[in-house]
Amino acid sequence: MARFSRREFLRTTIATGALASTGTLPLLADGAKATDWVTLGKSNIKVTRLAFGTGSHGGSVQRNLGQEQFNALVRHAYDRGIRFFETSDTYNEMHSMLGIALKGIPRDSYRLMSKVTTDSGDPQQRFDELRKQANTDYFDIMLLHVQQDADWPSRSSRWQDGILEAQSRKIILSRGASVHGLPALRQVPANKWLQVAMIRMNHVGTRMDNEGNVWDDAGNVPEVVDHVHQARSSGVGIISMKLIGEGVFNHEDRQKAMRFAFRNAGVDCVTVGYKSPAEVDEAIANLNAALA
């Protein structure tokens, strides 16, 4: 099996000019909906605009539903047209719970994203463990989870190489990172390895990126939006998180945040964590209103 190094990949990418610009804001056609399929930049992976997140308060909200109620919630979201599901190796048990909830649904009818910590261990072994837990042959997207420092591109190089190798095995189809804090976010637009970036986004800066990555401090909304625009111009697909401020926003602010993410920041996709069918239905309604 051929092994691909990040250095070889970057050299090839630059030589072939693979980073063609895709513009800044996504084009929103008349009648655009929350459950439309959209392409995440140069990854060429199509996902629904609205995703199903499983990490509310570290996944505790979803875990506390129990498997049976979680199954029903996932099936409700699927029946309503949400076909993009995401989890992380830090959301204890959620790979397994999600795998059970999606069992029997045609694998090519939905997209699955995982996030992996980059502290220690063997990347290929970890990817295989996560595939087994989630009962899937492959992940559509794999992200380096919670990259927080300005030097994350060099510090995570071993895991970047690991994802490239997994892509050659076709057990991962596209790659990216979730970033926390302005020092880490500033590295995103010019990063040649990234195909997808997960970035915190809302209209008031709650739980968003700031200079010290301090959880309770307000985020720098204008700078975050500027980096999103730059990243999209370099062909990176943008998934936003923390859209409802880790659950603290009221209904009006949830609507404002959804509109801001798409109309001002220009993200491609948003992920929201749910605990009830009513919350799924509200998120779909809020995004449809934001797109109208």
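Residues numbered from 1 in each chain as written. Predicted model: local features only at pLDDT ≥ 70, side-chain atom pairs only at ≥ 80, totals over all residues. Heavy atoms only, no water.

**So, the overall build of the protein chain**
Rules: By definition, any uninterrupted DSSP run of H or I lasting at least four residues is a helix, any uninterrupted run of E lasting at least two residues is a strand, and each is numbered from the N terminus. Throughout, a contact is declared for two residues whenever any of their heavy atoms are within 4.5 Å. The protein chains shown are the only cover counted for residues, whose accessible areas, like all others here, come from Shrake-Rupley with a 1.4 Å probe.
Broken down by element type, the protein chain carries 11 helices and 10 strands. In the protein chain, of all internal contacts separated by at least 6 residues, the share reaching a separation of at least 24 is 76%. Here the protein chain has roughly 12,300 Å² of accessible surface; of this, 49% comes from carbon and sulfur atoms.

**Some thoughts on the packing of helix α3 (residues 67-80) against helix α4 (residues 94-101)**
Between two packed helices, the angle of one axis relative to the other and the distance separating the axes together describe the packing. Filter applied, for reference: Lines fitted to C-alpha atoms define the axes here, with helix axes fitted over just the stretch in contact, and angles between the N-to-C directions of these axes take values from 0 to 180 degrees. When describing relative orientation, an angle under 35 degrees is termed roughly parallel and one over 145 degrees roughly antiparallel, while 65 to 115 degrees is termed roughly perpendicular and anything else oblique. By convention the crossing between two helices is left-handed if the near helix lies anticlockwise of the far one by an angle smaller than a right angle, and right-handed if it lies clockwise. Only Asp, Glu, Lys and Arg are considered charged in this grouping, and only Ala, Val, Leu, Ile, Met, Phe, Trp, Tyr, Cys and Pro are considered nonpolar; every other residue, Gly among them, is considered polar.
Between α3 and α4, whose axes approach to 9 Å, the crossing angle comes to 60°. In terms of their interaxial angle, α3 and α4 are classed as oblique. The way α3 lies across α4 gives a crossing that is right-handed. Here Q67, F70, N71, V74 and R75 of α3 come into contact with α4, specifically with M94, M97, L98, I100 and A101. Among the residues making up the contact of α3 with α4, the classes are represented as 7 nonpolar, 2 polar and 1 charged.

**Focus: the packing of aromatic side chains**
So the rule is basically this: Stacked, tilted and edge-to-face are the three classes applied to pairs of Phe, Tyr and Trp rings, where Trp contributes its six-membered ring and a pair requires centres within 6.5 Å; stacked means planes under 30 degrees apart, edge-to-face means over 60, and tilted covers the rest.
Tallying each qualifying case throughout the model produces 5 aromatic pairs. Pairing F52 with F85 gives two aromatic rings, centres 5.6 Å apart and planes at 45°, and the pair type is tilted. Linking F52 in strand β3 (residues 50-53) with F85 in strand β4 (residues 84-86), this pair joins segments that are 33 residues apart in sequence. Residues F52 and Y274 carry aromatic rings whose centres are separated by 5.2 Å and whose planes lie at 55° to one another, so their mutual orientation is tilted.

**Structural notes on α4**
Because an α-helix packs 3.6 residues into every turn, residues spaced three or four apart end up facing the same way. How we decide: Exposed residues in this analysis have more than 50% of their type's maximum accessible area, buried residues have under 20%, and partly exposed residues fall in between, with area computed by a 1.4 Å probe over protein chains only.
Among the 8 residues in α4, 6 count as buried, and that is most of the element. Turning to α4, its buried residues number three or more, namely M94, H95, M97, L98, G99 and A101. Where α4 is buried, its residues meet α2 (60-63), α3, β4, β5 (111-116) and α5 (123-134).

**What about the sheet that holds strand β7 (residues 175-179)?**
Short version of the rule: A pair of strands counts as paired when DSSP detects no fewer than two bridges linking them.
The sheet built from 8 strands closes into a barrel, its strands ordered β3-β4-β5-β6-β7-β8-β9-β10 with parallel pairing. Neighbouring strand axes in the sheet, compared pairwise and without regard to direction, differ in orientation by 25° on average. Pairing of strand β6 (residues 141-147) with β7, which is carried by 4 bridges, proceeds in the parallel orientation. Each residue of the ladder has a partner; that of M142, found in β7, is R175. Each of β5 and β6 touches α5; the most contacted strand, β5, lies at about 135° to it.

**Quick word on the side chain of N191**
Applicable threshold: Side-chain atoms alone can form a polar contact between residues adjacent in sequence; in general such a contact is a pair of N or O atoms within 3.5 Å, and within protein one must be able to donate a hydrogen while the other accepts it.
By secondary structure assignment, the location of N191 is in the loop between α8 (182-185) and β8 (196-200). In this structure the side chain of N191 is engaged in a polar contact, spanning 2.9 Å, whose partner is the backbone nitrogen of W193. Not counting residues within four places of it along the chain, the set of residues in contact with N191 comprises K42, W152 and P153.

**Remarks on the confidence of the model for the protein chain**
Put simply, the test is: By definition, pLDDT measures how confident the predictor is in each residue, and it falls between 0 and 100.
This prediction gives the protein chain a mean pLDDT of 91; 90% of its residues lie at or above 70. The low-confidence segment residues 14-23 (pLDDT under 50) makes 13 contacts with residues lying over four places distant or belonging to another chain.

**Brief notes about unusual backbone geometry**
In this model, N44 sits at a positive phi of 65°, which is unusual for a non-glycine residue. Topologically, N44 is positioned in the loop between β1 (37-39) and β2 (46-48). With phi around 55°, N135 is a residue other than glycine that occupies positive phi space. Mapped onto the secondary structure, N135 falls in the loop between α5 and β6.

**A few points about helix α10 (residues 251-265)**
The line we're drawing: One less than the residue count of a helix, multiplied by 1.5 Å, gives the span that helix is expected to have. Working definition for bend: take the seven residues up to and ending at a residue and the seven starting at it, fit an axis to each, and measure the angle between the axes.
With 15 residues, α10 extends 20 Å from end C-alpha to end C-alpha; this agrees with the ideal 21 Å at 1.5 Å per step. Most pronounced at R259, the bend in α10 amounts to some 25°. Three or more residues of α10 are buried, namely A257, M258, F260, A261, F262 and A265. The distance from a side-chain oxygen at the start of α10 to the backbone nitrogen of E252 is 3.2 Å, and the residue carrying that oxygen is N250. One or two steps after α10, the chain reaches G266, where phi turns positive at roughly 75°.

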